[in-house]
Amino acid sequence: MKANNPHNPFLISGYFSPEYFCDRIDETTKIISALDNDRNISLISPRRFGKTGLVQHVFDAIRHKDEHVLCIYMDIYSTQNLNDFVKVFAEEVLSKVHGGVENAIKKIASYFKSFRPLLSYDPISGNPELSIRIDTDSTEISLKEIVAYLQQSKKRCYIAIDEFQQVADYPEKGTEALLRSYIQFLPNVKFIFAGSRQHIMNEIFLSIKRPFYQSTQIMSIGVIQKEAYFSFVIKHFQKNGFSFDKKCFDELYDLLDGHTWYMQAVLNRLYEYRQDIQKPIEIYNAVGELLDENAYTYQEFLYAYTLVQKTLIKAVAKEKVVTRIHSGEFISKYGLKNSSSVSRALNSLLDSELIYKSDKGYMVYDRFFGLWLSRLR
């Protein structure tokens, strides 16, 4: 167990230890089994369902099972081109493979020709940090070098690439084919390709026209089941001398459809009160507190959209789930002009991820934003 346990067991960012991670037992087992049996994974879920925490939990379990397996996590959400990708890839791989930044610097100097390593120190922690500069004209050479090094190291390695759908937006043509061509020649390295933009991830891995077609085991994650989540909640409340009424929990779970991050955010506030949770009003007070804190941000969101778009997203929020968004009944009820204007507004809201299409229907992506919108007239 790590020292300095969290003061609040309901984490809203990062991963600490299995004690503060809820359920996902089946998903964890499936991912570990796939990696151990030489299958790459495509892990697809809406944002804030907990896929990053799941990956970190899987890696924690693997490290405890076999300390010789290297587990590397990299987030490429901020990358805009192949050069950015290779830079992040190189920095994460080299710092982990060599067990430290200083060792990585020494190895780069002797092995890699296209990298320019830079050593700096975090101004707060004082820990050394590795950054690498790669000239644009040597990007593919750098990728080839790092892949060759992973191959010759012969170390068993699992690499998670989060927000992998970003590669589809890189300006370089053939990026997916390039990455696929190198990855398939790494028998000692297995990958988890995680992504939150479902339609793009599906296109990358399920379209017969794309290089990654049928190259991975597809996995998706949904919400944590209500009973498992309640067991997790009551354990931590009771451990600290407080109770949590089951009906209150059910109210919260149904309000947020069990969406992991939003559940954690409210539970974090409820735990902060350091009291028994016995009445639904306590749930709604915590939710209201969060909505009020974000009200200014939500107002700014709306300013960026047209009247039709604002009307549509408010309508979806008030309905919570819309199964027939082009129906005359829905359009008439909320004063939307016609089906074609709804289609244009909907496409824009889907692209900006303010609305997403679940298996139930169209919903506001941000659950707190949706609740805030539902209050508006």
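For the structure itself, consult the block above.
Thresholds applied
Residues numbered from 1 in each chain as written. Predicted model: local features only at pLDDT ≥ 70, side-chain atom pairs only at ≥ 80, totals over all residues. Heavy atoms only, no water. Phe/Tyr/Trp six-rings, centres within 6.5 Å; stacked < 30°, edge-to-face > 60°. Helix = DSSP H or I, 4+ residues; strand = E, 2+ residues; numbered from the N terminus. Buried < 20%, exposed > 50% of the residue type's maximum accessible area, 1.4 Å probe, protein only. Disulfide = S-S within 2.5 Å. Core = buried A, V, L, I, M, F, W, Y, C linked by side-chain atoms within 4.5 Å. Expected span 1.5 Å × (residues − 1). Polar contact = N/O pair within 3.5 Å; in protein donor to acceptor, adjacent residues only side chain to side chain. Salt bridge = Lys/Arg side-chain N within 4 Å of Asp/Glu carboxyl O. Axes fitted to C-alpha atoms, helices over the stretch in contact; angles between N-to-C directions. Parallel < 35°, antiparallel > 145°, perpendicular 65-115°, else oblique. Left-handed = near helix turned anticlockwise from the far one by under 90°. Contact = heavy atoms within 4.5 Å. Nonpolar A, V, L, I, M, F, W, Y, C, P; charged D, E, K, R; others polar.

Let us look at the packing of aromatic side chains. If you walk through the whole model with that rule in mind, you get 30 aromatic pairs. When the ring of F164 is compared with that of F205, the centres are 5.8 Å apart and the planes differ by 35 degrees; the resulting orientation is tilted. Taken together, the residues F164 in the loop between β5 (157-162) and α6 (175-183) and F205 in helix α7 (residues 198-206) connect sequence positions 41 residues apart. Take F164 and F205: they sit in the same class, and that class is buried.

Applying the stated criterion across every chain, the model contains zero disulfides. Cysteine C22 is unpaired, with the sulfur of C248 as its nearest cysteine sulfur at 18 Å. Residue classification places C22 among the buried positions, given a relative accessible area of 8%. Between C157, a free cysteine, and C71, which holds the nearest cysteine sulfur, the sulfur-to-sulfur gap is 7.6 Å. Residue C157 is classed as buried on the basis of its relative accessible area of 1%.

For the rest of this paragraph, the subject is the nonpolar core. Among the nonpolar cores identified, the biggest contains 57 residues, and Y229, F244, L270, L312 and F368 are the most heavily contacted of them. A total of seven residues in this core trace back to one element, the largest contributor, which is helix α10 (residues 260-272). I76, F89, L130 and I146 belong to the second largest nonpolar core, which has 43 residues in total.

Here helix α3 (residues 82-97) spans 22 Å end to end across 16 residues, near enough to the 22 Å set by a 1.5 Å rise per residue. The element α3 is extensively covered by neighbouring structure, given that twelve of its 16 residues are classed as buried. Turning to α3, its buried residues are L82, N83, F85, V86, V88, F89, A90, E91, V93, L94, S95 and V97. For α3, the N-terminal cap is N81; the gap from its side-chain oxygen to the backbone nitrogen of N83 is 3.2 Å.

Next up on the list: the pattern of salt bridges. Summed over the entire model, instances satisfying the criterion amount to 21 salt bridges. A salt bridge links R47 to E353; the shortest N-O distance between them is 3.1 Å. In this pair, R47 sits in the loop between β1 (41-44) and α2 (51-65) while E353 sits in the loop between α15 (339-351) and β8 (355-357), placing the two residues 306 residues apart along the sequence. Note on R47: relative accessible area 24%, which makes it partly exposed. Residues E163 and K51 are paired through a salt bridge, measuring 3.3 Å at the closest nitrogen-oxygen approach. Of the two residues, E163 is situated in the loop between β5 and α6 and K51 in helix α2; the sequence distance between them amounts to 112 residues. A single burial state applies to E163 and to K51, both of which are buried. Each of the salt bridges in this network shares a partner with another, and the network as a whole consists of R47, K51, D162, E163 and E353.

Our next topic: the packing of α3 against helix α5 (residues 139-153). Close contact between α3 and α5 brings their axes to 10 Å; oriented N to C, the two are set at 25 degrees. Judged by the inter-axis angle, α3 sits roughly parallel to α5. As for how α3 packs across α5, the hand of that crossing is left-handed. Contacts between α3 and α5 involve L82, N83, V86, F89, A90, V93, L94 and V97 on the former and, on the latter, T139, S142, L143, I146, V147, Y149 and L150. Looking at the contact of α3 with α5 residue by residue, the classes come out as twelve nonpolar, three polar and no charged.

Looking at E163, the relative accessible area reads 7%, which means it is buried. Among the polar contacts listed, one links the side chain of E163 to the side chain of K51, at a separation of 3.3 Å. With near-sequence residues (within four places) excluded, E163 lies in contact with R47, K51, D75, I76, Y77, A194, G195 and S196.

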